[in-house]
Amino acid sequence: MHFVKQNCSLELSSNGAVPVEPVKKDENSRRGNWGNQIEFVLTSVGYAVGLGNVWRFPYLCYRNGGGAFMFPYFIMLVFCGIPLFFLELSFGQFTSLGCLGVWKVSPMFKGVGYGMMVVSTYIGIYYNVVICIAFYYFFMSMTNLLPWTYCNNPWNTPDCTGVMGTPRTNATFANVSAVVSGLTEIVNRTKRTSPSEEYWRNYVLNVSDGIGNFGEVRLPILGCLAVSWIVVFLCLIRGVKSSGKVVYFTATFPYVVLTILFIRGITLEGAISGIKYYLTPQWEKILDAKVWGDAASQIFYSLGCAWGGLITMASYNKFHNNCFRDSIIISVTNCGTSVYAGFVIFSILGFMANHLGVDVSEVADHGPGLAFVAYPEALTLLPISPLWSLLFFFMLILLGLGTQFCLLETLVTAVVDEIGTDWIMKNKTYVTLGVAIVGFLLGVPLTTQAGIYWLLLMDNYAASFSLVVVSCIMCICIMYVYGHKNYFKDVEMMLGFPPPLFFRICWRYVSPFIITFILIFTVIQYKPITYNDYVYPRWSLVIGFAMALSSVICIPIYALFKIAMSEGSTFLERLKNSVKPDPDWGPALQEHRKGRYATAGPESVEVCPLKEELKDEGKEKLKEKEMEKKDEMGLTIPGSNGSTLNPTPSA
């Protein structure tokens, strides 16, 4: 390797660059790196913190014993969440490759990477549809009166009863008679349908009578879907160089909105009752296996393990970045956000329950029902309700975009790394555009009148137990096929210290055991999916299982293909050759390939040597001078094989 030496100083700046030499922004100039480490952390936080933190965690918390759920939740975070997060970050950072390229570690398992791509594709398709609905609600909130406030609209049914009664001239939140009128109507009815629910079901979605009846495309939703994909594409137009700048806003502003809503929420009448319901522990549920299963599943899914996104994001880090520190920061931030969002949601729901005169459990919901039904209705009770609605849905949009950026980048990076030509590296924008267009087209069926049925089907099956299987096989491959000792040495070479003992134990024993527990629990507690009172037909469930298996089936199919294509006269020889690390496995840059990686790998770009390297070169020169002096004195140096070496000075 040839180094450029002129104008290099031994003193290093804070970012590791040599101050006299023009700063080289990217360590990996061909593939690119994050602008700085803050961009990586914010992007990963945006990826892990998503819509599920707002609508799934609070629901699971009150369903599984309130504050008692926190205990198994944090146990699972420590023993499964953080270790798996660290494993994926270190895996991608060590090779600087996406979810396909990293499987040079054991080529037979490359099907795991394809499985991750399939999962990310499914999630990316329906996730952007949820974002586009949030866009729609955001645009509809730009009015003096939220359209789901009253029941006097064409889409409302006789069962509709609003807590605000009927619209009146100069009616305000302080008009007590309106609220009392609304409560009187609710008491006198055996069945109540809120205006926000009818707005969601009858107007926004105009839901058909079944999953097989697609009906018409909802043009407003289709338009918002196009807007959503355009925003995602523009933010990723230069890959991590552009998305890394966008996340300064998309990853931080949701916390500003959460804080504003939290301050407003806890000042409302009845908010304390909602928070008490959220936190009050029901300790008897600690012994329920279902509570532990839900805690493990929530940790596993909320951190985004086995989606391929963590590997992809870490692949743009510099080789010696401390991903151990990052994994702890990001994991704790993600879980802390879930807990914080619970306070925000239940303070508002407690306020709503107080006005309705019912228990909090009767107004709280989960999934889209919480985001687009219960919470919007609660917002109508607040003064200047359009403002709070704008803030809430803007927060949902940003939370969704943070995850969507990484899902799309995962697919684009996998394609670019797999082709690997200079042309595709330089024209990555076209790949991003192509993936965005395909994603938009595949999302069109979800904007029809049957779209909500298909969205929930994909959410419950496409990204369910398949993630657990993929993650389990990844642990087995790295720890037992490639070898835990080899991987521990790789991490030590990259970080400068070996993985802590706790993580080594978790990677080898504890985390695989928990993953297996999640898988078994998922199968045991399986119930056919329903949407309100609608029961999905069997043929649709078959499609759901097919989507779930489509990512898992990639693993054995590719394994058989790789074995068949490997060298060897017998099956056993081919099997052994197919699991051996590829000759290119290891650090991407030649300057990082040391020890057993020293003789392999692509040629490195020219870089200015660091302080340690210059010291090593100085020592080598001193040795050369000593050898020259000995040569002048007519001395010879015996070689290891008994021959005589006559060293010559270097040019």
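Predicted, not measured: the structure shown is a model, and the values here were computed from it.

What counts and what doesn't
Residues numbered from 1 in each chain as written. Predicted model: local features only at pLDDT ≥ 70, side-chain atom pairs only at ≥ 80, totals over all residues. Heavy atoms only, no water. Helix = DSSP H or I, 4+ residues; strand = E, 2+ residues; numbered from the N terminus. Buried < 20%, exposed > 50% of the residue type's maximum accessible area, 1.4 Å probe, protein only. Contact = heavy atoms within 4.5 Å. Areas by Shrake-Rupley, 256 points an atom, 1.4 Å probe, with all protein chains shown as cover. Polar contact = N/O pair within 3.5 Å; in protein donor to acceptor, adjacent residues only side chain to side chain. UniProt positions renumbered as here; feature names shortened; annotations may be inferred. Phe/Tyr/Trp six-rings, centres within 6.5 Å; stacked < 30°, edge-to-face > 60°. Axes fitted to C-alpha atoms, helices over the stretch in contact; angles between N-to-C directions. Parallel < 35°, antiparallel > 145°, perpendicular 65-115°, else oblique. Left-handed = near helix turned anticlockwise from the far one by under 90°. Nonpolar A, V, L, I, M, F, W, Y, C, P; charged D, E, K, R; others polar. Disulfide = S-S within 2.5 Å. Patch = residues over 30% accessible without salt bridge, like charges linked within 9 Å, V, L, I, M, F, W, Y side chains within 5 Å. Salt bridge = Lys/Arg side-chain N within 4 Å of Asp/Glu carboxyl O. Expected span 1.5 Å × (residues − 1). Bend = angle between axes of the 7 residues up to and from the residue.

Trainee: Even after reading the chapter, I still don't get the overall build of the protein, so can you show me in this structure?
Mentor: Helix and strand counts for the protein come out as 25 helices and four strands. Here the protein holds 651 residues, and 54% of them are scored as buried. Within the protein, contacts between residues at least 6 apart in sequence are counted, and of these 80% link residues at least 24 apart. Carbon and sulfur atoms make up 64% of the accessible area of the protein, which amounts to about 28,300 Å² in all.

Trainee: Looking at this structure, how should I read the side chain of S331?
Mentor: Secondary-structure assignment places S331 in helix 14 (residues 323–356). At 2.7 Å, the side chain of S331 forms a polar contact with the backbone oxygen of S327. Apart from the residues within four sequence positions on either side, S331 is in contact with L77, I82, F85 and L303.

Trainee: Sorry, what's going on with the UniProt feature "binding site: Na(+) 1" (unreviewed entry) in the protein here?
Mentor: Within the UniProt annotation, "binding site: Na(+) 1" (unreviewed entry) is assigned to G46, A48, N53, S302, N334 and L399. A stretch of 354 residues holds the annotated residues, and the largest C-alpha distance among them is 12.5 Å, short enough that they meet in one place. With respect to the helices, strands and loops of the structure, G46 is situated in helix 1 (residues 37–48). Of the residues examined, G46 reaches a relative accessible area of 9% and is grouped as buried. With near-sequence residues (within four places) excluded, G46 lies in contact with A251, L399, G402 and T403. Here A48 is to be found in helix 1. Aside from chain neighbours lying at most four places away, what touches A48 is N53, S302, L303, I330 and N334.

Trainee: Whenever I open this one, the packing of aromatic side chains confuses me. Can you help?
Mentor: Describing an aromatic ring pair means giving the distance of the ring centres and the angle of the ring planes. Considering all chains together, one arrives at 60 aromatic pairs under this definition. On the numbers, 5.8 Å between centres and 45° between planes, the contact of Y114 with Y558 is tilted. Within this pair, whereas Y114 is found in helix 5 (residues 110–140), its partner Y558 is found in helix 23 (residues 554–565), the two being separated by 444 residues in sequence. Given a relative accessible area of 29%, Y114 falls into the partly exposed group. In this structure Y558 comes out as buried when scored by relative accessible area, which is 16%.

Trainee: Help me out: how do you make sense of the packing of helix 1 against helix 14 in this one?
Mentor: Helix-helix packing is characterised by the crossing angle of the two axes and by the distance between the axes. Between helix 1 and helix 14, the least distance of the axes is 9 Å, while the angle of their chain directions is 40°. One finds that helix 1 runs oblique with respect to helix 14. Every pair of crossing elements has a handedness; the one defined by helix 1 and helix 14 is right-handed. For the pair helix 1 and helix 14, the contacting residues are Q37, F40, V41, S44, V45 and A48 in the first and R325, D326, I329, I330, T333 and N334 in the second. Along the lines of polarity and charge, the residues of the contact of helix 1 with helix 14 split into six nonpolar, four polar and two charged.

Trainee: Which parts of the structure should I look at to understand the UniProt feature "binding site: Na(+) 2" (unreviewed entry) in the protein?
Mentor: With numbering matched to this structure, UniProt assigns "binding site: Na(+) 2" (unreviewed entry) to V49. Along the chain, V49 turns up in the loop between helix 1 and helix 2 (51–55). By relative accessible area, V49 is classed as buried at 4%. The contact partners of V49, leaving out residues within four places of it in the chain, are Y255, N334, T337, L399 and T403.

Trainee: Could you clarify how one ought to interpret the state of the cysteines in this entry?
Mentor: The term disulfide refers to a covalent linkage connecting the sulfur atoms of a pair of cysteines. Applying the stated criterion across every chain yields a total of one disulfide. Paired through a disulfide, C151 and C160 show a sulfur-sulfur distance of 1.9 Å. For the disulfide bridge between C151 and C160, the dihedral angle about the S-S bond is near -70°, and by the sign convention the bridge is left-handed. According to the relative accessible area criterion, C151 is partly exposed, its value standing at 23%. When its relative accessible area of 6% is taken as the criterion, C160 is described as buried. There is no disulfide at C132, and the cysteine sulfur nearest it, in C224, is 6.1 Å away. For the unlinked cysteine C475, the closest cysteine sulfur is that of C472, found at 6.7 Å.

Trainee: Got a minute to help me understand the environment of F561 in this structure?
Mentor: The residue F561 is located in helix 23 in this model. The exposure class assigned to F561 is partly exposed, which follows from its relative accessible area of 45%. Along the sequence, F561 and G111 sit 450 residues apart, while their C-alpha atoms lie 9.9 Å from each other.

Trainee: Can you help me understand a nonpolar patch on the surface in this one?
Mentor: There is a patch of nonpolar side chains on the surface, built from I476, Y480, V481, L501, I505 and Y509 and spanning about 560 Å² of accessible area. When contributions to the nonpolar patch are tallied by element, the ones reaching two or more residues are helix 20 (465–495) and helix 21 (501–524). As for its position among the elements, I505 is in helix 21. On the basis of relative accessibility, which here comes to 40%, the residue I505 falls in the partly exposed class.

Trainee: Please explain helix 15 (residues 368–380) as it appears in this structure.
Mentor: Structural remark: α-helix, 3.6 residues per turn; residues separated by three or four positions point the same way. When the terminal C-alpha atoms of helix 15 are compared, their 18 Å separation across 13 residues agrees well with the 18 Å that a helix rising 1.5 Å per residue should span. Of all bends in helix 15, the biggest is about 25°, found at A374, and the proline P376 comes one to four residues later.

Trainee: Got a minute to help me understand the side chain of T43 in this structure?
Mentor: Mapped onto the elements, T43 comes out in helix 1. The buried category is assigned to T43, whose relative accessible area is 3%. Beyond its immediate chain neighbours, meaning those up to four positions away, T43 contacts W34, G244, V247, M313 and C406.

Trainee: Help me out: how do you make sense of unusual backbone geometry in this one?
Mentor: Where the residue is not glycine, phi is negative for most of them; where a peptide bond is considered, it is trans in most cases. The residue S96 is not glycine, and still its phi comes out positive at about 55°. Looking at where S96 falls in the secondary structure, it is placed in the loop between helix 4 (70–95) and helix 5. Classification of S96 as buried rests on a relative accessible area of 10%. Positive phi outside glycine occurs at I384, with the angle close to 50°. Among the structural elements, I384 can be located in the loop between helix 15 and helix 16 (385–419).

Trainee: Help me understand the packing of helix 19 (residues 451–462) against helix 22 (residues 538–552), please; the structure alone is not making it clear to me.
Mentor: The N-to-C vectors of helix 19 and helix 22 enclose an angle of 45°; their axes lie 8 Å apart at closest approach. Looking at the two axes, helix 19 sits oblique to helix 22. The way helix 19 lies across helix 22 gives a crossing that is right-handed. Two secondary-structure elements touch here, helix 19 through W454, L457, M458, Y461 and A462 and helix 22 through W539, S540, L541, I543, G544, F545, M547 and A548. Taken together, the residues of the contact of helix 19 with helix 22 break down into eleven nonpolar, two polar and no charged.

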